[in-house]
Each structure stands twice: as C-alpha cells, then as structure tokens.
Amino acid sequence: MKKVGMIDNMGDFMRIVVLIVILLVSFSQSSYAGLFKFDPEAKFKEADYMISIDRHIAADKLISEVIAYCKKKNDEACLAKAFFYYGKLLMAEIPDGYDREKNSARRPGGSYVDDSVTVGNIDQKAMEYFDKALYLAKKHGLNDAASAIYIKIGILQYTRFKDSTAACESFDRSLEYYLLFKKDNPNTTVIIPKGFDSFEEYIAQAKREAGCQK
C-alpha cells in the first residue's frame, strides 16, 4: 500500500518551511529501483536529508542530477517531483530581512540548478519551481503531487508574500486534489500526525494559522 506523509506541526510555519517532508510519497508513478540503475527516489531521499542538516550545496547537486536525468528520459512526472524538490531547497535557503537587504545580489549556497537565483529573488524563484511542478503534475493527472505542491505554495504565500487570501486558496486546492486522489485510490493508507484525525482537519489548522476566514 502507498503511504502518505504529512507535516508534523502546523503551529510554526517558518519551522515547517525547513522541516516539511513530502506530503504524498506516491508522487512517483514509475519504479526506478534496480541494481546499477539511476534511482531518482534515492536521490530525492538523500537530498531531503541534506536539506534537513543544512547541506544545501549537496542537496542542490543531487537534485540537479535528477533534473538532468528526467529531461534525458523525457519523463515529465519525474521532472515534476524534481522541480518540487528544488522549490523546497530554495525555501530552506530563504534569508532573513537583514541578509536580503545587505546581500540581495549574492548567490545562495546551493545554485547548481539555476544560476539566476540570488538572495534577493530566492522566494520568487521557489514559487517559480513550484509552479513548474504544479503544471506538470496537473498535466499528468498526479493529484497527490498537486496536493503536496499546493501545501508548499500556500506556506510560501503566507510566510514570504504575506498573502493570506492566496494561501487560503492554495490550502483549499490542496484538499481538493487530495480528495480526488483518495477517490481514485480508496485503499491508500494515510499517516496522520499527532493531534490530527484527518487530512481535512490538518488543512483546517493550516487555514487557521494563515488567518483564513471561515
């Protein structure tokens, strides 16, 4: 059975930006595992760990390898996940206001994939990569992926762009795509974090944190 991972705590959005894990691990529709074969899933798992310990250059290199592989294979589902991970990496590197003001033109630590990323535009670039991932996810009917991406977009909109209205809409879209995924995959096991009894309850908490209207 596929399992769905979720955010552990919605109480601190900025901590979630750094620590959030993949919402829906059924993102990948193909199996790449095999001896001596390039394994994107293993690369993503390693990149996630590198992000969690602030080794962003190492994570960037891993993700860049997968992006190149996905493009070579013309695998847009794979590319959707790679773009998602790159957006996650950029979110993990978003600087505070002082650093942005003093070093806006400086390149961040990890920048193998996109050499146009700077300290000053990193949040906009993160959104660009989430948008790319979302486009491909929708194109290929990856409803679980779309749900996961909308969560990240909502957090970015709320924490960096201070747009609660847009964030609330993104959280609603996340729930919408999650329900579509569940309809097509009724036997999927959902792992609910402590304090939540359902994905719907989790989204409701996210919306409360973002100040959404009832």
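Residues numbered from 1 in each chain as written. Predicted model: local features only at pLDDT ≥ 70, side-chain atom pairs only at ≥ 80, totals over all residues. Heavy atoms only, no water.

Novice: Account for the packing of helix α8 (residues 164-184) against helix α9 (residues 199-209), naming residues and giving values.
Specialist: The interhelical angle for the contact between α8 and α9, taken along N-to-C directions, is 175°, at an axis separation of 9 Å. With respect to α9, the element α8 is oriented roughly antiparallel. Across the interface between the two elements, Cys168, Phe171, Asp172, Ser174, Leu175, Tyr178 and Leu179 from α8 touch Phe199, Glu200, Ile203, Ala206 and Lys207 from α9. (Axes fitted to C-alpha atoms, helices over the stretch in contact; angles between N-to-C directions. Helix = DSSP H or I, 4+ residues; strand = E, 2+ residues; numbered from the N terminus. Parallel < 35°, antiparallel > 145°, perpendicular 65-115°, else oblique. Contact = heavy atoms within 4.5 Å.)

Novice: Got a sec to walk through the side chain of threonine 188? Specific residues and values, please.
Specialist: Along the chain, the position of threonine 188 falls in the loop between α8 and β2 (189-190). A polar contact is formed between the side chain of threonine 188 and the backbone oxygen of asparagine 185, at a distance of 3.0 Å. (Polar contact = N/O pair within 3.5 Å; in protein donor to acceptor, adjacent residues only side chain to side chain.)

Novice: Break down the packing of helix α2 (residues 40-52) against helix α3 (residues 56-73) for me, citing the residues and quoting the values.
Specialist: At a closest axis distance of 8 Å, the pairing of α2 and α3 adopts a crossing angle of 160°. When the axis of α2 is compared with that of α3, the two are roughly antiparallel. The handedness of the crossing between α2 and α3 is left-handed. Seen from α2, the contacting residues are Pro40, Lys43, Phe44, Glu46, Ala47, Met50 and Ile51; seen from α3, they are His56, Ala58, Ala59, Leu62, Ile63, Glu65, Val66 and Tyr69. Among the residues making up the contact of α2 with α3, the classes are represented as 11 nonpolar, 1 polar and 3 charged. (Left-handed = near helix turned anticlockwise from the far one by under 90°. Nonpolar A, V, L, I, M, F, W, Y, C, P; charged D, E, K, R; others polar.)

Novice: Describe unusual backbone geometry, and please don't skip the residues or the numbers.
Specialist: What is expected of a backbone is that most residues other than glycine have negative phi and most peptide bonds are trans. The phi torsion at aspartate 54 lies on the positive side, around 65°, for a residue other than glycine. Considering the arrangement of structural elements, one finds aspartate 54 in the loop between α2 and α3. Among the residues examined, aspartate 54 registers a relative accessible area of 55% and is labelled exposed. Of note in this structure, lysine 162 is not a glycine but carries a positive phi near 55°. Checked against the element boundaries, lysine 162 lands in the loop between α7 (143-159) and α8. (Buried < 20%, exposed > 50% of the residue type's maximum accessible area, 1.4 Å probe, protein only.)

Novice: An account of the state of the cysteines is requested, with residue identities and associated values reported.
Specialist: Following the criterion strictly, the structure yields 2 disulfides and no others. Disulfide partner of cysteine 70: cysteine 78, at an S-S distance of 1.9 Å. Every disulfide takes its handedness from the sign of the S-S torsion; for cysteine 70 and cysteine 78 that torsion is -40°, giving left-handed. Taking relative accessible area as the criterion, cysteine 78 reaches 5% and is therefore assigned buried. Each disulfide pairs two cysteine sulfurs, and for cysteine 168 the partner residue is cysteine 212, the sulfurs being separated by 1.7 Å. Disulfide cysteine 168-cysteine 212: torsion about the S-S bond near -100°, hence left-handed. Of this pair, cysteine 168 sits in helix α8 while cysteine 212 sits in the segment after α9, placing them 44 residues apart in sequence. An identical accessibility class is assigned to cysteine 168 and cysteine 212; each is buried. (Disulfide = S-S within 2.5 Å.)

Novice: Would you mind going over the pattern of salt bridges in detail, with residue names and values included?
Specialist: If you walk through the whole model with that rule in mind, you get 10 salt bridges. With a shortest N-O distance of 2.7 Å, lysine 81 and glutamate 41 are connected by a salt bridge. Of this pair, lysine 81 sits in helix α4 (residues 76-92) while glutamate 41 sits in helix α2; the two residues are 40 residues apart in sequence, bridging distant segments of the chain. Given a relative accessible area of 3%, lysine 81 falls into the buried group. The class of glutamate 41 is partly exposed, set by a relative accessible area of 28%. The partner of aspartate 114 in a salt bridge is lysine 125, and the shortest N-O contact between them spans 3.8 Å. Of this pair, aspartate 114 sits in the loop between α5 (97-102) and α6 (122-139) while lysine 125 sits in helix α6; the two residues are 11 residues apart in sequence, bridging distant segments of the chain. Comparing aspartate 114 with lysine 125 shows no difference in burial state: the two are buried. (Salt bridge = Lys/Arg side-chain N within 4 Å of Asp/Glu carboxyl O.)

Interpretation in functional terms is not warranted from these geometric data alone.
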